[in-house]
Amino acid sequence: MNALVATVILAPLLAASFGIAVRHKARVRDVLTLTGLASAFVASLGIFAEVYRNGTSVIRVGDWSPELGIVLVADTFAVLMLPVALAIILIVELFAIAQRRTEWGANPELTGPLLGVLTMGVSLAVLTGDLFTLFVAFELILVSSYVLLTHQGQQAQIRSGMTYVVMNLFSSTLFLFGIAFVYSATGTVNMALLAERIPELSDGVRLGIGAWFFVVFGTKAAVFPLFSWLPDSYPTAPTTITAVFAGLLTKIGIYAMIRFHTLTGMDAMGPVLLIIAGATMIVGALGALAQSDVKRILSFHIISQIGYMLMGLGLFSAAGTTGAIVFLIHHMPVKTVLFLVGGLIENDQGTSNLDRNGGLAARRPLIAGLFAVPALSLAGLPPFSGFVAKFSVISAGIAEAATPVVVMALIAGALTLLSMTKIWLGVFWGSKPDKSKPVRVSAANRRLMLGATGLAVGLSLFISFYAGTLVELGERAATELRNSDVYISEVLR
Amino acid sequence: MSIALLLTVGGLTSVGLYLITSRSLSRIILGFALLGHASVLALLMSGGPAGRAPIADGSGSDGFANPLPQALALTAIVISFGLTLFLLALASRQKDHTGDDLVEDDIEDSRIAEVKQ
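Visitor: Help me understand the overall build of chain B in this model?
Guide: Looking only at helices and strands, one finds 4 helices and 0 strands in chain B. Once local pairs closer than 6 in sequence are excluded, the contacts in chain B between residues at least 24 apart make up 53%.

Visitor: How do you make sense of the packing of aromatic side chains when you look at a structure like this?
Guide: The way to describe two aromatic rings as a pair is by their centre distance and the angle between their planes. Residues and elements named next belong to chain A. Tallying each qualifying case throughout the model produces 27 aromatic pairs over all chains. Taking the centre distance of 5.9 Å and the plane angle of 85° together, the rings of Y146 and Y164 count as edge-to-face. Residue Y146 is located in helix 5 (residues 131-150), and its partner Y164 is located in helix 6 (residues 155-186); the two are separated by 18 residues in the primary sequence. Of the two residues examined, Y146 and Y164, each falls in the buried class. Among the aromatic residues, ring-to-ring pairing joins F132, F135, F138, F175, F213, F217 and F260 into one connected group. Over the face of the ring belonging to F138 we find K220, whose NZ or CZ atom lies 5.2 Å from the ring centre.

Visitor: Hey, could you run me through the interface of chain B and chain A in this one?
Guide: Quite often, the size of an interface is put as the accessible area lost when its parts meet. Each partner contributes residues to the interface: chain B has 41 residues there, and chain A has 36 residues. Between chain B and chain A lies a buried interface of about 3,200 Å² when both sides are counted; carbon and sulfur atoms form 75% of it. Contact with chain A buries area across many residues of chain B, yet F32, L83 and F86 of chain B alone supply 16% of it, more than any other trio. The tally of links from chain B across to chain A stands at 0 salt bridges. Linking chain B with chain A are 1 residue pair in polar contact (both at pLDDT 80 or more), by the criterion used here. Secondary structure elements with two or more residues in the side of chain B that touches chain A: helix 1 (3-20), helix 2 (25-45), helix 3 (67-98) and helix 4 (107-116) of chain B. Top contributing element to the side of chain B that touches chain A by residue count: helix 3 of chain B, with 14 residues. Split into classes, the residues belonging to the side of chain B that touches chain A amount to 23 nonpolar, 9 polar and 9 charged.

Visitor: Whenever I open this one, the packing of helix 16 (residues 385-399) of chain A against helix 17 (residues 403-428) of chain A confuses me. Can you help?
Guide: Helix-helix packing is described using two parameters, namely the angle between the two axes and the distance between the axes. Residue and element names in this part refer to chain A. Helix 17 packs onto helix 16 with a crossing angle of 155° between their chain directions and a minimal axis gap of 9 Å. Relative to helix 17, the element helix 16 lies roughly antiparallel. Residues K390, I394, G397 and I398 of helix 16 pack against V406, A409, L410, G413 and T416 of helix 17. The residue inventory of the contact of helix 16 with helix 17, partitioned by class, reads 5 nonpolar, 3 polar and 1 charged.

Visitor: Which parts of the structure should I look at to understand unusual backbone geometry?
Guide: Generally, phi is negative for residues other than glycine and the peptide bonds are trans, each holding for most cases. Residue and element names in this part refer to chain A. A cis amide bond links F224 with the next residue in sequence, P225, at an omega value of -5°. Put simply, P382 and P383 share a cis peptide bond, and its omega is 5°. Structurally, P383 is set in the loop between helix 15 (365-379) and helix 16. Positive phi outside glycine occurs at A401, with the angle close to 55°. For A401, a relative accessible area of 60% translates into the label exposed.

Visitor: Which parts of the structure should I look at to understand helix 3 of chain B?
Guide: Three- or four-residue spacings in an α-helix give side chains the same orientation, since the helix completes a turn every 3.6 residues. Residues and elements named next belong to chain B. Here helix 3 contains 32 residues, and its C-alpha end-to-end distance of 47 Å stays within 8% of the 46 Å for a straight helix at 1.5 Å per residue. Among all positions in helix 3, only L68, P69, L72, A73, A76, I79, L83, F86, L87, L90, A91 and Q94 are buried. Of the residues one or two after helix 3, G99 is the one with positive phi, at around 85°.

Visitor: What should I look at first to understand the pattern of salt bridges in this one?
Guide: Two side chains bearing opposite charge may form a pair once their charged atoms approach each other closely. All names here are of chain A. On inspection of all chains with the given rule, the structure shows 11 salt bridges over all chains. The residue D348 makes a salt bridge to R363 at a minimum N-O spacing of 3.5 Å. With a gap of 15 residues between them, D348 in helix 13 (residues 318-349) and R363 in helix 14 (residues 360-363) connect regions that are remote in the sequence. Judged by relative accessible area, which is 9%, D348 ranks as buried. Relative accessible area serves as the criterion here: at 46%, R363 is assigned to the partly exposed category. When the shortest N-O distance is used, the salt bridge between R446 and D348 registers 3.4 Å. Pair noted here: R446 is in helix 18 (residues 443-465) and D348 is in helix 13, with a separation of 98 residues, a long-range link. According to the relative accessible area criterion, R446 is partly exposed, its value standing at 27%. Each of the salt bridges in this network shares a partner with another, and the network as a whole consists of R29, D30, E93 and R100.

The rules behind the values
Residues numbered from 1 in each chain as written. Chains lettered and ligands numbered in written order. Predicted model: local features only at pLDDT ≥ 70, side-chain atom pairs only at ≥ 80, totals over all residues. Heavy atoms only, no water. Helix = DSSP H or I, 4+ residues; strand = E, 2+ residues; numbered from the N terminus. Contact = heavy atoms within 4.5 Å. Phe/Tyr/Trp six-rings, centres within 6.5 Å; stacked < 30°, edge-to-face > 60°. Buried < 20%, exposed > 50% of the residue type's maximum accessible area, 1.4 Å probe, protein only. Lys NZ or Arg CZ within 6 Å of the ring centre and 35° of its normal. Buried area = accessible area lost by both parts, 1.4 Å probe. Salt bridge = Lys/Arg side-chain N within 4 Å of Asp/Glu carboxyl O. Polar contact = N/O pair within 3.5 Å; in protein donor to acceptor, adjacent residues only side chain to side chain. Nonpolar A, V, L, I, M, F, W, Y, C, P; charged D, E, K, R; others polar. Axes fitted to C-alpha atoms, helices over the stretch in contact; angles between N-to-C directions. Parallel < 35°, antiparallel > 145°, perpendicular 65-115°, else oblique. Expected span 1.5 Å × (residues − 1).

Structural data, given as structure tokens:
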């Protein structure tokens, strides 16, 4: 188990460091990055199998006691998240290799190694058992994302990168203050000890901590009203980068929020979370309707979908938390595919603007098919995973008699279908109004891009087929999070 | 808890917050530097009263300063160093593009806002 966890965290980092050293040899660099990411993915499957059979596994780094040292905790929630996240990064890197060859030739480009650093951050954030390591993992993810967003140095990227960096840096600073407050109040940053001590604090202090960390994780997860940085910055990055950001970054924020707020028993915050969840869904979906660019529509939908996860969390019931977890796992591959298809559209049509697009279904039916599956899944139509995910969240909402937020979730679902239809009409039907120059993609690279997108669609369909198992695992994860006694005794044993 | 330290944290935070609300990235960088100091001081304060000796030989913690917040503060300082440098590079690149270092509005968003009017 120790070796597996070490591989998940260190293999991507090692691949990244050597990848930077040999960045001038494009082939060696790409093979190195892929090896690092692939071995992390395989190791994450091993961890999944181990935890699936034997339950939560705890690793004390350096064998320090949990009060002093770093613990890594692989519970059901973590091992559900990890393989999906790592598979997404691997698939996107495959797509990115083809995209780089097309755009850059043999340039000493750093996207691959930087994705490696980001992967290490993701693994660490998912597995960590204490708040400060979570902060460090967030910084690893964010710093590599700052560089990924801006390192091509074009004016639009620098402009939106500034907003992105300033917003996220501010939330990191708040995170640091939050850690200071928590440490003053409880004398620990270990999650298990916090789960023990925070419920014993007086109501004011406890809710203060809960609200503070809601703002911290909420900024990273782009909840209403802290989302304005997202639709500004994501569309300006290269498509492959946006695909990773869309699939993972905000999700890591909501992951941390689900873990922290459920473990420490912030049930009293439920009503506030539900109001914010409803606003997030509606504002995201309405924002998407106003846009006329594929990538910007999809970016607003990230926000809208975060609302559903927040709603599941805000219900603070076993069914609600299960719904949030199922939604989270379903959402990651779906969103990544949609952005990868956005990249295919951009390559083929020379633009992702709806007004200057059209007629792609007749010319490239394969791309239309690759778009249709995740788009219907995102809108929550059966038999795709989106239906199961929305169904679990909404039925949990009905069970808790949270009628207003259930109504908003249904409205947001209809609006999502509307804007997916808008993309379909704009891009795939009709005829192309102007002659924007398509990007010249060689046959081999095109096959690689389509193959990578197909893999991601396959991953999303795999989740649809095994939705029953996913819901069972989600229930198990939710039980582990809500009955913090088990978590506490496992970590402190 | 020392009132002087508390007031310092409050002062640094308010000046830092004021600076990061401005448009110019160089002011924002200064703001983040001050906010970074404030958060490090807050971390140090969370470890107990000021002025205690550091742990010398690990033989006991009575009367010694708590080393954990100090370790956390050190990590935070290193991270904020790196990020300050990154922000400076960003400001310099923005100056190459536009001749200033101002954080600008979302262009597409402003376009849609104009359509509505």
